[in-house]
Amino acid sequence: MLSFHKRLQNVRYTFNTFSEAFKCDGLNFREIQIAQTLIFAIDEINKDSSLLPNVTLGYKIFDTCGSTPLAIKAALALVNSQDETLSEEPCTKPATVPAIIGLSSSSSTIGIATTVGPFHIPVISHLATCACLSNRKRFPSFFRTVPSDYYQSRALAQLVKHFGWTWVGAIRSDDDYGNSGMATFVEAALQEGICVEYSEAFYKTDPREKIHRILKTIKNSTSKVILAFLPQVEMSMLLQEMLQQNVTGVQWIGSESWITSRNLATNEGSKLLGGAIGFAFRKATIPDLEEFLLSLSPSAVPNSQFMKEFWETVFSCSLNTYNKSIVTKTCTGFEHLSQVNNEYTDVSDMRIPNNVYKAVYAIAHSLHELLTCSDTICPNKISMEPWQVLNQMKSINFTTRTGEAVYFDEKGDSAARYDLVNWQINDNGVAEFITVGYYDTHLPDDHRFKMNNIKIVWRDGQDKVPQSVCSKTCFPGTRKAIKKGKPICCFDCVQCAQGEISNQTDSLDCDKCPLEYWSNENRDQCILKDTEFLSYEETLGILLSIFSMLGACFTLAVAIILFHYKHTPIVKANNSEKKKKKLTYCKKSSSSWWLRLHA
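Residues numbered from 1 in each chain as written. Predicted model: local features only at pLDDT ≥ 70, side-chain atom pairs only at ≥ 80, totals over all residues. Heavy atoms only, no water.

Caption draft 1: Layout of the overall build of the protein chain. Scanning the protein chain from N- to C-terminus turns up 16 helices and 21 strands. Going through the 599 residues of the protein chain one by one, you find that 43% of them count as buried. By sequence separation, contacts in the protein chain at least 24 residues apart represent 63% of the contacts at least 6 residues apart. Taken as a whole, the protein chain presents about 33400 Å² of accessible surface, with 53% of it coming from carbon and sulfur. (Helix = DSSP H or I, 4+ residues; strand = E, 2+ residues; numbered from the N terminus. Buried < 20%, exposed > 50% of the residue type's maximum accessible area, 1.4 Å probe, protein only. Contact = heavy atoms within 4.5 Å. Areas by Shrake-Rupley, 256 points an atom, 1.4 Å probe, with all protein chains shown as cover.)

Laid out in structure tokens, this is it:
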């Protein structure tokens, strides 16, 4: 199940007549390339005598037009089986399809995985990355050949931390893909000390006014780095509005859905998204696929209305002779796809088609193990059940022709490996996707994220890493004081008090110096206290000397006076020994003593 068309046409139901058939518009060349890759893999397997010998794989492809209801309808059609003959040769097939491949969006995949789950039919997705699909209780029959966003979101948080960005904006799609991925990123960002200034969401069917409000938020914000966790369709809509409003000066971080999109990397798109950086699926090369893609022609499927629409769209002509009055150019049907350059003919990296290629081979290897004779016992090929394929799928482990190992963990997820891609503008003004690093969950935690020795080009062609912080760094000698009502990334730098120091950047507290030490002028080091002496030439030294001399003179004068009047009763009364005798006499005859003393 794939979305050959981007959207359904708006249909109003009046309930007075029977509803017409669904109509779709807007061809999606990437999905058509994925479909052809799927057919290529099936043909390759059917020609391989070592894999599924004497068994021919068939297929039936549904166009869901990016609609979840159509996806569920297609899933039910596959569950109930169809009676059409797949080929002119006689063949037998099981009553129920043994496996389903699809879809490219997480929300639609959740719909079909929930629908076919009770029937134990394995569903393998090549692009549904929502971490919610790893829930084995809700989706017991789901597998994917693409990494979960659980790992991508954490990789993005480490990327932001690596470049010192602590104040970022976020835009996401208002669906399972965007909401789940952004929630995981925010959780991981907080653990890394990163703050999200704003987090806006929109969906492809929302009115333009909602995107205008988001662009207004971007213009009024102080963060200069924005994470866009968006599918390719939503990112294209946002880009068109940014071009009209001339939103520039922003460093973009992209999710895997659009960071390697050729549709966005045009001359106009490169003006705003140039220097963008983000994680993408590992680059791959599938031998002989390019020739297979370019060999497609209307003569191969003459009765296909879809092929007619595709051919007319690619070459801007008409295959119908009666349309000559409307269309000036008529298709001959012998045009060659090598003459055009679009997303279908581009085989430069094959990141997403490689996931479909692996999904087809995963099903083939599961069927091969299930149908292989063991211990002289051969299974009944006609009575094969989907639950048998499901159980076999859990234990597969093989290597593709490209040398990539394919297996699923207990949650149905594949190994998480990403390339770090940077948009670098060439001389023609078109962005090239340069791999500047990687992220691999098979490595230890401190070695998962690595940078290559390749120069990164940032926004507006700058060489220096742009800054995006709410508050500047607090240097040693100061401490951070959180602003009231603001996130932890917004703070003031307060100088340490006397006798306190901080010797680290962005210190939360100041440390007191020991008793014998004191803080230096910069408040970043404790130094030993100096012994200071007063000089007689200083004002304070002169005053203290004067008062000391006066005190000594007064003491000497009192001593001289006491010595001169030492025989007087007053002076004698100051003698301690005689004073004790007088006190004793006073107790005996106090009245006479007082009379003599006064006399």
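Caption draft 2: Spotlight on the state of the cysteines. Summed over all chains, the structure comprises eight disulfides. Across a sulfur-sulfur distance of 1.8 Å, cysteine 24 and cysteine 65 are joined as a disulfide pair. Between cysteine 24 and cysteine 65 the sulfur-sulfur dihedral comes to about 90°; the bridge is accordingly right-handed. Taken together, the residues span a long stretch of sequence, with cysteine 24 in strand 2 (residues 24-27) and cysteine 65 in the loop between helix 1 (29-47) and helix 2 (68-79) at a distance of 41 residues. (Disulfide = S-S within 2.5 Å.)

Caption draft 3: Seen up close, the side chain of histidine 368. Mapped onto the secondary structure, histidine 368 falls in helix 11 (residues 351-371). A relative accessible area of 18% places histidine 368 in the buried class. Within the structure, the side chain of histidine 368 is placed 3.0 Å from the backbone nitrogen of leucine 52, a separation counted as a polar contact. Once residues lying within four places of it in the same chain are set aside, the contact partners of histidine 368 are Ser50, Leu51, Leu52 and Pro53. (Polar contact = N/O pair within 3.5 Å; in protein donor to acceptor, adjacent residues only side chain to side chain.)

Caption draft 4: Structural context of the environment of threonine 109. One can find threonine 109 in helix 3 (residues 106-116). Among residues more than four places away in sequence, those in contact with threonine 109 are Gly102, Leu103, Ser125, Ala128, Leu133 and Phe142. Reaching out from threonine 109, the side chain makes a polar contact with the backbone nitrogen of leucine 103 at a distance of 3.2 Å. Here the side chain of threonine 109 touches serine 105 through a polar contact of 2.6 Å, landing on its backbone oxygen.

Caption draft 5: Region of the structure containing the sheet that holds strand 10 (residues 277-281). What the eight strands build is an open sheet, ordered 7-6-8-9-10-13-14-15; its pairing is mixed. Two strands bound the open sheet, and with one partner strand each, they are strand 7 (195-202) and strand 15 (449-451). For this sheet, the mean inter-axis angle between neighbouring strands, taken without regard to orientation, is 30°. Pairing of strand 6 (residues 167-173) with strand 7 involves seven bridges; the strand directions are parallel. (Pairing = 2+ DSSP bridges. Axes fitted to C-alpha atoms, helices over the stretch in contact; angles between N-to-C directions.)

Caption draft 6: Expanded view of a nonpolar patch on the surface. The grouping of Ile542, Leu543, Ile546, Phe547, Leu550 and Phe554 at the surface amounts to a nonpolar patch, some 610 Å² of accessible area in total. Its location among the elements puts phenylalanine 547 in helix 13 (residues 539-564). (Patch = residues over 30% accessible without salt bridge, like charges linked within 9 Å, V, L, I, M, F, W, Y side chains within 5 Å. Salt bridge = Lys/Arg side-chain N within 4 Å of Asp/Glu carboxyl O.)

Caption draft 7: The packing of helix 11 against helix 12 (residues 386-393), seen in detail. Between helix 11 and helix 12, whose axes approach to 9 Å, the crossing angle comes to 110°. Relative to helix 12, the element helix 11 is oriented roughly perpendicular. Packed against helix 11, whose contacting residues are Ala362, Ile363, Ser366, Leu367, Glu369 and Leu370, the element helix 12 presents Gln388, Val389, Gln392 and Met393 at the interface. Its residues assigned to classes, the contact of helix 11 with helix 12 shows six nonpolar, three polar and one charged. (Parallel < 35°, antiparallel > 145°, perpendicular 65-115°, else oblique. Nonpolar A, V, L, I, M, F, W, Y, C, P; charged D, E, K, R; others polar.)

Geometric descriptors of this kind do not, in isolation, establish any biological role.
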